[in-house]
2 protein chains.
Amino acid sequence: MVPTTGNTQNGVVLLHVYDRAEDVVSLRNEIFEQPAVLERLLKTQGEAAVEIASTVKKRQVKSVFIAARGSSDNAALYGKYLWGFLNRLPVGLATPSLFTMYRTPPRLEGSLVVGISQSGESPDIVSVVKEGRRQGNLTLAITNEPSSPLAAEAELLLETGAGEERAVAATKTYTTQLAAIALLGAAAADAPDLFAALDRVPDLVKEALDLDDAIRVAAQRYRYMSQCVVLGRGFNYATAYEWSLKLKEMTYVVAEPYSSADFRHGPVAIVSDGFPVLAVLPAGAVFEDGMRLLETLATEHRAELLVLSNDDRALALAKTPIRLPSDLPEWLSPLVSIVPAQLFCYHLTQAMGYDTESPRRLRKVTRTL
Amino acid sequence: MVPTTGNTQNGVVLLHVYDRAEDVVSLRNEIFEQPAVLERLLKTQGEAAVEIASTVKKRQVKSVFIAARGSSDNAALYGKYLWGFLNRLPVGLATPSLFTMYRTPPRLEGSLVVGISQSGESPDIVSVVKEGRRQGNLTLAITNEPSSPLAAEAELLLETGAGEERAVAATKTYTTQLAAIALLGAAAADAPDLFAALDRVPDLVKEALDLDDAIRVAAQRYRYMSQCVVLGRGFNYATAYEWSLKLKEMTYVVAEPYSSADFRHGPVAIVSDGFPVLAVLPAGAVFEDGMRLLETLATEHRAELLVLSNDDRALALAKTPIRLPSDLPEWLSPLVSIVPAQLFCYHLTQAMGYDTESPRRLRKVTRTL
């Protein structure tokens, strides 16, 4: 691995361009590393999470404000739901241009300002955390790079410790970000049963990885798919976003994520006979709402459904059913349900003959303003 | 016009199904009504906006929390930027499922809780405002229906007063929502020059409507477009979302909205030779960042660009340039830039032979939980 020096190209600074000739299966390896890196994170970061949670209480944080881009922004979406659910905190997602371009940042009084970034490099994310700190707010970096500018700028640090990620598409750095968010939520809720549930995640991810062969076969059907929608709601709204981002990055399919509610308010019009709809719908509080939409899509609009679920009723509606582990707490389901989605994208990329390691137009670290 | 009684269909309650045989050009009429309804709103709602702004100050509001769906949610995106910019307020967008399905609403202490809805009917939006009020927060409804459940639930009301909107796709109710948001921002900032700028909007919209013929001709080229991306950043992030929603609703094109920054973090991979990129990029603080992206897209990735701008450099990159009024304050540009986008969708719908009044699968009022 030879990192070359950064160069600027049309406002996007390319930081590390790896020579990866000796290893062209990073993506697959990284998907399969997830049980191990999640287990390590849960073992090593628990104490840090408890300390951060205690600081959050001491400083009387009333709300959370998160800045992130790409897959990290999808992890932030999970945080928006989970910290609302477990900790009753309102979570806002930042508008970095107000900080970097309009130069009129909002007053964030009483907020925990969080930057989430694998590399900790993107200047817009660093700017939001810097301004949050300047205003006297508590700040936190969730990053895979403890020596990054983002980690340096934030008062608190939670390391994802996923190890180097070489494939351009984020996989293990995304699930470890989710785990870091879940760990913080559990620590702030101070409920031992939440930690016990979290400890089961690596095994649940292993179980999801066992679907590899079945998903390789199932993905062939989608070889000529050019567009689709991806549905998920509540905690798995994040999964819908991350799945569709992976599809766009790796397979170049125009994949649009929606909650079942937002989809009904207009976008459902695009569905015609055979239109592919991918849905992530594990058992839980939003299940029945999702089922009603999937039933309409399957029977009235004649969409073609690919469904990730652990409920027989949802799977029965699908042309391509993919079964999630059965005993899956809904609040942790995004850490598991994204895994078959990653495998699907990996195998579809192979079926389409594209490069699984380095999608066109993209580099590992994207720096935006 | 004969409203029929509501009926429930797969969890979506259809409220008003109009018999519209006597008038099949509602959409076009409603687009062209915009200067008049905007002028009326600015004339009649200024005092209400000043009163609401004074209550907001009295109650020491520290942040804003908005619940909305569909086009109203795109208006909320404008509010997120504008109230951050003019009033330095952090604005969060609600996650209604935390209120309606998980039943663990966040603690919204110190927030103004806003529901935005044309009809004021959707139960999820009403639930968020109701819970906000139960918690003792100041609440505001921005709606076209002053006798709706949403208006009844909120302490404060700002009417958009757009008159009945009969076409399923929102046009004048969207721009009047933007104007209501701008009026409130100006009132809370208490700066007379902002009101003077707002008063020019109806004339600027008239100027944009003069593009009708040119856009009718330009739209023919896109007759067989099946997918595209729509780019906009900062204030016009909302425009990108609303334009893409209109495209999906009316033309069934899979159109995905992005900020120029988010687009670089992965989705840019989908762009290949000739891929259609629609961009809204008026002069302003985010212009140079958008230009850098458009230059890369045009020259390196060979995308086909349709550009709405009032800057010659941006227009020169486009296969289809559409010129916005020249003297357009950036903070108000979304009220004007969406107008040629609406006309584009109207003419493209006609070119494709679809129904401009009643898109398939949709009804005027969508009630989600």
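Moving on, we come to the overall build of chain A. A count of helices and strands for chain A gives 16 helices and 12 strands. In terms of C-alpha radius of gyration, chain A reaches 20 Å, essentially the compact-globule figure of 21 Å for 369 residues. In terms of principal-axis extent, the alpha carbons of chain A reach across some 55 × 45 × 40 Å. Counting only residues that meet the buried cut, chain A has 67% of its 369 residues in that class. Taking contacts inside chain A between residues at least 6 apart in sequence as the whole, the part at least 24 apart equals 74%. Total accessible area computed for chain A in this model is approximately 12,400 Å², and 48% of it derives from carbon and sulfur atoms. The averaged location of the 43 negative side-chain charges in chain A is 5 Å from the averaged location of its 37 positive side-chain charges.

What follows is about the side chain of B:Asn74. Residue and element names in this part refer to chain B. Structurally, the position occupied by Asn-74 is in helix α4 (residues 71-87). At 2.9 Å, the side chain of Asn-74 and the side chain of Glu-242 are in polar contact. Residue contacts for Asn-74: discarding those within four places in its chain leaves Tyr-174, Ala-238, Tyr-241, Glu-242 and Leu-245.

Under the fitted operation, chain A is carried onto chain B by 0.0 Å of movement along the axis and a turn of 180°, and the coordinates agree to an RMSD of 0.0 Å. The superposition of one copy onto the other is thereby described by a two-fold rotation axis. Identified as the residue of chain A closest to the rotation axis by C-alpha distance is A:Gly92, at 2.2 Å. Both copies present the same face, since 100% of the interface residues in chain A are matched by interface residues at the equivalent positions in chain B.

Residue and element names in this part refer to chain B. The N-to-C vectors of α4 and helix α12 (residues 237-251) enclose an angle of 170°; their axes lie 8 Å apart at closest approach. The angle between α4 and α12 falls in the class roughly antiparallel. Where α4 approaches α12, its residues Ser-71, Asn-74, Leu-77, Tyr-78 and Tyr-81 are matched on the opposing element by Tyr-237, Ala-238, Tyr-241, Glu-242, Leu-245 and Lys-246. Classifying every residue of the contact of α4 with α12 gives seven nonpolar, two polar and two charged.

Residues and elements named next belong to chain B. Inspection of helix α11 (residues 212-219) places Asp-212, Ile-215 and Ala-219 among the buried residues, and these make up the whole buried set. Taken down its axis, α11 places every buried residue within 65° of arc, on the same side. Its buried side turned inward, α11 meets α1 (26-32), α10 (201-209), β12 (320-323) and α16 (333-352).

Looking now at the domain arrangement of chain A. All names here are of chain A. According to the domain assignment, chain A contains domain 1 (8-20 + 203-352) and domain 2 (33-199). On a C-alpha basis, the centroid separation for the pair domain 1 and domain 2 is 24 Å. Taken together, the two surfaces of domain 1 and domain 2 that pack against each other cover about 2,300 Å², and 71% of this comes from carbon and sulfur. Its largest share of buried area at the contact with domain 2, domain 1 owes to Phe-235, Trp-331 and Leu-335, together 29% of the area lost on that side.

Residue and element names in this part refer to chain B. Under the defined criterion, the tally for this structure stands at 46 salt bridges over all chains. Among the ionic pairs, Glu-155 bridges to Arg-59, the shortest N-O distance being 2.9 Å. Of this pair, Glu-155 sits in the loop between α7 (149-153) and β7 (156-159) while Arg-59 sits in the loop between α3 (46-58) and β3 (63-67), placing them 96 residues apart in sequence. Arg-59 sits in the partly exposed class, given a relative accessible area of 39%. One salt bridge in this structure joins Glu-131 and Arg-134, with 2.9 Å as the shortest N-O distance. Here Glu-131 and its partner Arg-134 are both found in helix α6 (residues 123-134), three residues apart, which amounts to about one turn of the helix. Under the relative-accessibility criterion, Glu-131 is labelled buried at 13%.

We now examine the sheet that holds strand β5 (residues 111-117) of chain B. All names here are of chain B. Spatially, the five strands line up as an open sheet ordered β4-β3-β5-β6-β7, and their pairing is parallel. Two strands close off the open sheet at either side, each with one partner strand: β4 (91-93) and β7. Averaged over all adjacent pairs, the angle separating strand axes in this sheet is 20°, with direction ignored. Here three bridges tie β3 to β4, and the two strands are oriented parallel to one another. Paired with Ile-66 across the strands is Leu-93, a residue of β4.

In this section: the side chain of B:Thr143. Residue and element names in this part refer to chain B. Note that Thr-143 resides in strand β6 (residues 138-143). There is a polar contact of 2.8 Å between the side chain of Thr-143 and the backbone oxygen of Ser-117. Other than its neighbours up to four places away in sequence, Thr-143 contacts Ser-117, Gln-118, Ser-119, Gly-120, Ser-148, Leu-150, Ala-151, Leu-157, Leu-158, Glu-159 and Thr-160.

A few words now on the interface of chain A and chain B. Residue-level contacts link 77 residues of chain A with 77 residues of chain B. Summed over both partners, the interface of chain A with chain B comes to about 6,500 Å²; 56% of that surface belongs to carbon and sulfur atoms. Broken down residue by residue, the surface that chain A buries against chain B is led by A:Tyr102, A:His265 and A:Arg361, which jointly contribute 12%. Between A:Glu109 and B:Lys62 there is a salt bridge whose closest N-O contact spans 4.0 Å. Between chain A and chain B we count 28 residue pairs in polar contact (both at pLDDT 80 or more) in total. Counting residues per element, the ones that place at least two in the side of chain A that touches chain B are α4 (71-87), β4 (91-93), α5 (96-100), α12 (237-251), β9 (254-258), α13 (260-264) and α14 (287-300) of chain A. It is α4(A) that contributes the most residues to the side of chain A that touches chain B, six residues altogether. Across the side of chain A that touches chain B, the residue classes tally to 33 nonpolar, 23 polar and 21 charged.

Residue and element names in this part refer to chain A. The strand order across the open sheet formed by five strands is β4-β3-β5-β6-β7, and the pairing between neighbours is parallel. The strands lining the two open edges of the sheet, one partner per strand, are β4 and β7 (156-159). Neighbour to neighbour, the strand axes of the sheet diverge by 20° on average, direction disregarded. Alignment of strand β3 (residues 63-68) against strand β5 (residues 111-117), held across six bridges, turns out to be parallel. The residue bridging Ala-67 from the neighbouring strand is Gly-115, located in β5. Its contacts with the sheet place helix α3 (residues 46-58) against β5, β6 (138-143) and β7, and it is angled at close to 150° to β7.

The rules behind the values
- Residues numbered from 1 in each chain as written.
- Chains lettered and ligands numbered in written order.
- Predicted model: local features only at pLDDT ≥ 70, side-chain atom pairs only at ≥ 80, totals over all residues.
- Heavy atoms only, no water.
- Helix = DSSP H or I, 4+ residues; strand = E, 2+ residues; numbered from the N terminus.
- Rg over C-alpha atoms; globule rule 2.2 N^0.38 Å.
- Buried < 20%, exposed > 50% of the residue type's maximum accessible area, 1.4 Å probe, protein only.
- Contact = heavy atoms within 4.5 Å.
- Areas by Shrake-Rupley, 256 points an atom, 1.4 Å probe, with all protein chains shown as cover.
- Lys, Arg positive; Asp, Glu negative; His and termini not counted.
- Charge placed at Lys NZ, Arg CZ, Asp CG, Glu CD.
- Polar contact = N/O pair within 3.5 Å; in protein donor to acceptor, adjacent residues only side chain to side chain.
- Least-squares fit on C-alpha atoms with pLDDT ≥ 70 in both.
- Axes fitted to C-alpha atoms, helices over the stretch in contact; angles between N-to-C directions.
- Parallel < 35°, antiparallel > 145°, perpendicular 65-115°, else oblique.
- Nonpolar A, V, L, I, M, F, W, Y, C, P; charged D, E, K, R; others polar.
- Arc of directions from axis to C-beta.
- Domains from an automatic or database assignment.
- Buried area = accessible area lost by both parts, 1.4 Å probe.
- Salt bridge = Lys/Arg side-chain N within 4 Å of Asp/Glu carboxyl O.
- Pairing = 2+ DSSP bridges.

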